[in-house]
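Close look at the chain arrangement
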Amino acid sequence: MTPIKTLLGATALMALAAPAFAQEVNLYSSRHYDSDDALYTAFTEATGIKVNRIEAEANELIQRMKAEGANSPADVFMTVDVGNIGRAEAEGLLQPFASDIIEANVPAHLRHPDNLWTGLSQRARIIFYARDRVENPPQTYEALADPAYRGQICIRSSSNVYNQSLMASIIENNGEAAARDWAEGVVANMARPPQGGDTDQLRGLVSGECDIAVANTYYFARGLASEVSGLSSGIDGIGWVWPNQDGRGAHVNLVAAGIAARAPNKAEATALLEFLVGEAAQKQFAEANNEYPVLAGVAPDAHVTAMGDFKPDTETPTASFRDHVVAAQTIFNAVGWD
Ligand SMILES: [Fe+2]
């Protein structure tokens, strides 16, 4: 009897779902992890909605949506970093979602104030250092500009959106004049001209080229969880500081998604976002990139947990990063941060 009961239950569910859904959702995503496939399969199994994924760099997807205009099949736009989703927002490519579930599951500072997008997972951008060479590592982002750290700091280029968002948060908190002084100080403290990605800044600690590095947490956790060449072998020698713990907390950025302005399948798009911020999906989604879930009470994976607890910056609205993108770039250019 049990198999028949199950089958009937499943059929009943499908029948309920059928009238409300066109049964597909088009996801434009700049995030790709093979492990996410299982997540989208689970969504389809739970709802009967098929996920069609189009993957490319954030800027390419934005250009594509613009070019497609009113005929764009895009339902959901997903990207890494608030700076990128803010660009889609500025182009008028997103519309607000209406969902009690998302509002209940995602804290307000991790969502757009008008619900044009929601965070799906979090990463912190923090300070790492070589344990054997740095006795008193900087305890705040502001301290990275302290002359005590002359020639010691490795941080990537200003064209990188992570640094643009970090700079935007510094402008939001300290103002443009102080942010410019800060950037000047950081440039003066650089161990080398900016080069490579975040992993390369951490590799610099292992090779001895850098004493202090700025990187997103998941690059370090990845070095703990798997064999990352030039990093994992020396990772025990790397310490880390959760910055600004006596103040606003560590700078946090997001993987974020919103509903496309012309979404032909808006109900399905909402259902997908609700699924991704749900308890079942949250752990899996964050684990795929060693990140932190946005849903309170869901623990990150063991390697992320091993880095310890910290106070994230919940005072600075992530949505405010976009407001300072132009000012951030102007400052970077003015102080010669390549
Ligand atoms: Fe990254």
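Since the model is a prediction, treat every value here as computed from it, not as a measurement. (Residues numbered from 1 in each chain as written. Predicted model: local features only at pLDDT ≥ 70, side-chain atom pairs only at ≥ 80, totals over all residues. Heavy atoms only, no water.)

Thoughts on the overall build of the chain
Helix and strand counts for the chain come out as 13 helices and ten strands. Relative to its length of 338 residues, the chain is compact, with a C-alpha radius of gyration of 21 Å against a globular reference of 20 Å. Within the span of the chain, comprising 338 residues, buried residues form 55% of the whole. When contacts within the chain are restricted to residue pairs at least 6 apart in sequence, long-range pairs at least 24 apart make up 78% of them. Put simply, the chain shows about 14,200 Å² of open surface, and 52% of that area lies on carbon and sulfur atoms. Side chains of the chain carry 24 positive and 42 negative charges; the gap between the two charge centres is 2 Å. (Helix = DSSP H or I, 4+ residues; strand = E, 2+ residues; numbered from the N terminus. Rg over C-alpha atoms; globule rule 2.2 N^0.38 Å. Buried < 20%, exposed > 50% of the residue type's maximum accessible area, 1.4 Å probe, protein only. Contact = heavy atoms within 4.5 Å. Areas by Shrake-Rupley, 256 points an atom, 1.4 Å probe, with all protein chains shown as cover. Lys, Arg positive; Asp, Glu negative; His and termini not counted. Charge placed at Lys NZ, Arg CZ, Asp CG, Glu CD.)

Some remarks on the pairing of strand 2 (residues 50-55)
Sheet topology note: the strand 1 (residues 24-29)/strand 2 ladder contains six bridges and is parallel. The partner of Ser29 across the bridge, within strand 2, is Glu55. Once you follow strand 1 into helix 2 (residues 36-47) and on to strand 2, the crossover reads as right-handed. (Pairing = 2+ DSSP bridges. Right-handed = clockwise from strand over helix to strand, strands pointing away.)

Considering the side chain of His324
If you trace the backbone, His324 turns up in the loop between helix 12 (302-305) and helix 13 (325-335). Apart from residues lying up to four places away in sequence, His324 is in contact with Ala168, Ile171 and Glu172.

With respect to the coordination of the iron ion
Only Tyr162 (OH), Tyr218 (OH) and Tyr219 (OH) from the protein reach the iron ion as donors, at distances of 1.9 to 2.0 Å. Going along the chain, you hit the donors of the iron ion in the pattern Y-x55-Y-Y. With Tyr162 in helix 6 (residues 161-174) and Tyr218 in helix 9 (residues 217-225), this residue pair connects regions lying 56 residues apart in the sequence. (Donors = N, O, S within 2.8 Å, 3.2 Å for Na, K, Ca; no water.)

Things to note about helix 4 (residues 82-90)
Across the nine residues that make up helix 4, a large majority, seven, are buried. If you check which residues of helix 4 are buried, you get Val82, Gly83, Asn84, Ile85, Gly86, Ala88 and Glu89. Those residues of helix 4 that are buried lie in contact with helix 3 (58-68), strand 3 (76-80), strand 4 (94-95), helix 6 and strand 9 (252-260). The distance from a side-chain oxygen at the start of helix 4 to the backbone nitrogen of Gly83 is 2.7 Å, and the residue carrying that oxygen is Asp81. Just beyond helix 4, the residue with positive phi is Gly92, at close to 70°. (Polar contact = N/O pair within 3.5 Å; in protein donor to acceptor, adjacent residues only side chain to side chain.)

Describing the domain arrangement of the chain
Domain boundaries assigned for the chain yield domain 1 (2-122 + 253-298) and domain 2 (123-250 + 317-335). One C-alpha centre belongs to domain 1, the other to domain 2, and the line joining them spans 30 Å. Between domain 1 and domain 2, the contact holds 24 residues from the first and 16 residues from the second. Both faces considered, domain 1 and domain 2 share a buried interface measuring about 1,500 Å² in area, 54% of it formed by carbon and sulfur atoms. Connecting domain 1 to domain 2 are two salt bridges. The partner of Arg322 in a salt bridge is Glu89, with the nearest N and O atoms 3.4 Å apart. In this assembly, domain 1 and domain 2 are joined by seven residue pairs in polar contact (both at pLDDT 80 or more). Broken down by secondary-structure element, the contributors of at least two residues to the side of domain 1 that touches domain 2 are helix 4, strand 5 (118-130) and strand 9. For the side of domain 1 that touches domain 2, the leading source of residues is helix 4, giving seven residues. In terms of residue class, the side of domain 1 that touches domain 2 is built from ten nonpolar, ten polar and four charged. (Domains from an automatic or database assignment. Buried area = accessible area lost by both parts, 1.4 Å probe. Salt bridge = Lys/Arg side-chain N within 4 Å of Asp/Glu carboxyl O. Nonpolar A, V, L, I, M, F, W, Y, C, P; charged D, E, K, R; others polar.)

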